[in-house]
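# Examining the three-dimensional arrangement
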Amino acid sequence: MELTYTPEQIAFRAEVRAWLKDNLPRQPLASYDTREGFEQHRAWEAKLFDSRLSMVMWPAELGGRGCGLIEWLIFEEEYYGAGAPMRVNQNGQLLLGPTLMEFGTEQQKQRFLPRMAASLDMWAQGWSEPNAGSDMAAITSKAVLEGDHYVLNGQKTWSTRAIFADWLFGLFRSEPGSSRHHGLSFLMVPLDAPGVSIRPIKALNGKDAFAEVFFDDVRVPVDNRIGAQGEGWHVAMATAGFERGLLLRSPARFQYTARKLVELYLAHQASADRDPGLRDAVQDCWMGAEAYALSAYHTVGRLSQGAQIGAESSINKIIWSELDLKMHDTAMRLLGARGELLAGAPAAGDAAGWLEGFLFAQSGPIYAGTNEIQRNIIAERMLGLPK
Amino acid sequence: MDFTFSDDQLSFREAISRFLMTEAAPEMLREIWDTDAGRSPDLRSKIAAQGLTALSVPEAEGGLGMDDVAWALMTQELGYYAIPDSLADTAYVAAGLLAGLPADHPARARLLPRIADGSVRLAIGHPVNPLVSDAQLAEVLILLDGDAVHAVPRAEVDVEANPSIDASRRLGRVSWQGTAATLLIDGEQGRKLQAQLLDRGALSVAGQLLGLAQRMLDLSVDYVAQRKQFGKPIGSFQAVKHHLADVARQIEQAKPVLYRAAHGLARGDASAGRWVSQARLACCEASWLAARKGIQVHGAMGYTWEVDLQMFMKRAWSLDAAWGDRGFHKSRVGDYLFAAGARLGPGHTFED
């Protein structure tokens, strides 16, 4: 055990910090759940990519720098510590990207990953269906093999930012008569293909944050399949592991929120201390964020020793989603009557930003597999309890 | 940056665990606790033969010279098997204090080799603990007075027994008078060693609490997998699964916090005290929840004397406030967190 950074890691941190200082947008970008904000974030991603900072742990030939996971954690710490924009292409870069690295053919990697790193292609997910939410194996959207193409019919839903995205990846039932997790294939679908229609769903924040995607005889080349035909469930579980685990929600953004929460408490301490529970809640949140960061470093260390994370990613998912909720609950209590004010409200003051985060935090225990499902996974796969 | 244990550390833990599994089974512990002394010289000498008492005694004094990082694993095993207080207090906490004395200090040669070979029991008094555990049986008591640290022979200390709900505890209120002969060290060095003593005591309890939490979880998993109601194991019901999943999550979340604190303490980092307190709070949460959920999923059986859960539950409740209660540890973290100039946020996690 050696908890210090190497000189190279310290230099890398300094480089990232200096780059962000020089390049961070002067004005905050518009919300990436709007068309305008989405494109602003795409331009920001292009800038990151130009300095090979969009995907630091990817190999250089695929648009990254070939860094290790510790360097990636360092990057994340500097990135979120500087208050840099949210990552608009995370569904691609952090979920599909690692999936392609593990299961994709060489040709697929070359074709998709550099464009993904540069955010030339923006990706949406296609998992849930109206009758397949927590029970994802109930998927009915079909992919019928005709020659060298699949013909897709069906509907996906809750697809984040799909109305702005270029591509979608997801699971389709490719074996007629198959059921549950058998007979599914993992496909990548261009969203401008004939037969695709997308209907936005207005989210809690009033923006078109997610969408329904309809497939009506959509033709997709067989080359767009990841993994073997009918073996998509196995591939999707790996993707879900990336989503629940470290990659999608690295600790740095929660540590950043925790720091802001401490600052918010100190700025309003006189009124906050009327509620004796608030100080304790702030401290708990901060310790929770620290614990999550420590667990990330510990996990990275164990991965480097050859450990697999597996069902532990479900623990991760519960930790970050409940921590985020608790931090924003606490912030709302600290803000009191100003908490409800929208960011542009003249009296909002330092309440601005917390409300949006509070709304988004409500979705944390639901997306990426509800926390009830995660608890089932922990109980069955880690503890070995019967189904 | 390498946040992992070495193969040596892991295999030593594994060996101790296998040993305690057979030598410290619950029925045996119950028998020992029914005795007045509450301690078994036989078990103690077997543990010494495994090398556990020599773990942090420096090599020059006949020990293995390992540090707090190794103990972060070992204290979990002591908790898992509910080994009574005096082992960790002697072999880890007191040995750490003695090993911090100047190299030529006579107490080193007097006590450290005997700690290593398992032939001496020490007890430790500290102002955060109103009572001293295992004072009655100890040969020597480490006691504090102002900035002074004393090693007082048992014969010079009055001990008034105070029974605890944890049948393994042997708590005593002590009265004593220090003399020039009992003084180990004082002044600046005394204060420094006292601070380390407190952190080591608190971290020792943190590790034990985490081990206790794991034991209570394991007992609960075993129970709900075999107990049937409505024609199936109660462990197949989501309400039961989710209780235990929450315990597993608290345990996993606390581990790295414990390990970072141990590493900081071993290095003598200035932030070690705060890290130890964070570890304590995380481990307290885990063991308290494991006890609550454990008794819940055991149903009425969990409320009986017969079922072993009670042994570990009571120990977890008792140790929760040992070597600093939660208020003490929360203040130590809060004093840093809410002070001007605290370095918070991403990138400062390992900063001393």
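None of the values given here were measured: they were computed from a predicted structure.

The next thing to look at is the overall build of chain A. Regarding its fold elements, chain A presents 12 helices and 8 strands. Against the globule reference of 21 Å for 387 residues, chain A gives a C-alpha radius of gyration of 21 Å, in line with a compact fold. With respect to the principal axes defined by its C-alpha atoms, chain A has extents near 70 × 50 × 45 Å. Burial statistics for chain A: of 387 residues in total, 47% are counted as buried. Long-range pairs, those at least 24 residues apart, make up 70% of the contacts in chain A between residues at least 6 apart in sequence.

Residues and elements named next belong to chain B. Here 4 strands make up an open sheet; going across it, the order is S1-S3-S4-S7 and the pairing mixed. Two strands lie at the open edges of the sheet, namely strand S1 (122–124) and strand S7 (183–185), each paired on one side alone. Neighbour-to-neighbour, the strand axes of this sheet turn through a mean angle of 30 degrees, independent of strand direction. Its contacts with the sheet place helix H5 (residues 85–99) against S1 and strand S3 (140–145), and it is angled at close to 75 degrees to S1.

Moving on to the sheet that holds strand S2 (residues 132–133) of chain B. All names here are of chain B. Within the open sheet, the 3 strands sit side by side as S2-S6-S5. Their pairing is antiparallel. Edge positions in the open sheet fall to S2 and strand S5 (158–162), since each of these has one partner strand only. Relative to strand S6 (residues 171–175), S5 is paired through 5 bridges, and the arrangement is antiparallel. Residue pairing in the sheet places Asp158 in a bridge with Ser175 of S6.

Attention shifts here to the domain arrangement of chain A. Residues and elements named next belong to chain A. Along its sequence, chain A is carved into domain 1 (7–88), domain 2 (123–231) and domain 3 (245–382). Computed from C-alpha atoms alone, the centre-to-centre distance between domain 1 and domain 2 is 29 Å. Of the residues lining the interface, 6 residues belong to domain 1; the matching set on domain 2 comes to 6 residues. Considering only residue class, the side of domain 1 that touches domain 2 consists of 2 nonpolar, 2 polar and 2 charged.

Moving on, we come to helix H4 (residues 68–80) of chain B. All names here are of chain B. Taking 1.5 Å per residue as the helical rise, H4 with its 13 residues ought to reach 18 Å, and the 18 Å between its terminal C-alpha atoms agrees with that figure. Counting buried residues along H4, 12 of its 13 residues qualify, which places the element largely inside the surrounding structure. Listed as buried for H4 are Asp68, Ala70, Trp71, Ala72, Leu73, Met74, Thr75, Gln76, Glu77, Leu78, Gly79 and Tyr80. Against helix H1 (7–23), H5, helix H7 (187–226) and helix H8 (238–267) lie the buried residues of H4. Count one or two residues on from H4 and you reach Ala82, which has phi positive near 50 degrees.

All names here are of chain A. Looking at where Trp320 falls in the secondary structure, it is placed in helix H10 (residues 312–335). C-alpha separation for the pair Trp320 and Ala345, spaced 25 residues apart in sequence, amounts to 30 Å. If near-sequence neighbours (up to four positions away) are discounted, Trp320 is found in contact with Arg249, Phe254 and Tyr292.

Further remarks concern the packing of H7(B) against helix H10 (residues 309–319) of chain B. The relative placement of two packed helices is expressed as an angle between their axes plus a distance between the axes. Residues and elements named next belong to chain B. H10 packs onto H7 with a crossing angle of 150 degrees between their chain directions and a minimal axis gap of 10 Å. Considered as vectors, H7 and H10 are oriented roughly antiparallel to each other. As for how H7 packs across H10, the hand of that crossing is left-handed. Within the contact between the two elements, H7 uses Val205, Gln208, Leu209, Leu212, Arg215, Met216 and Leu219 and H10 uses Leu309, Phe312, Met313, Arg315, Ala316 and Leu319. Residues of the contact of H7 with H10, tallied by class, amount to 10 nonpolar, 1 polar and 2 charged.

About the criteria used
- Residues numbered from 1 in each chain as written.
- Chains lettered and ligands numbered in written order.
- Predicted model: local features only at pLDDT ≥ 70, side-chain atom pairs only at ≥ 80, totals over all residues.
- Helix = DSSP H or I, 4+ residues; strand = E, 2+ residues; numbered from the N terminus.
- Rg over C-alpha atoms; globule rule 2.2 N^0.38 Å.
- Buried ≥ 20, exposed ≤ 12 C-beta atoms within 10 Å, placed from the backbone.
- Contact = placed C-beta atoms within 7 Å.
- Pairing = 2+ DSSP bridges.
- Axes fitted to C-alpha atoms, helices over the stretch in contact; angles between N-to-C directions.
- Domains from an automatic or database assignment.
- Nonpolar A, V, L, I, M, F, W, Y, C, P; charged D, E, K, R; others polar.
- Expected span 1.5 Å × (residues − 1).
- Parallel < 35°, antiparallel > 145°, perpendicular 65-115°, else oblique.
- Left-handed = near helix turned anticlockwise from the far one by under 90°.

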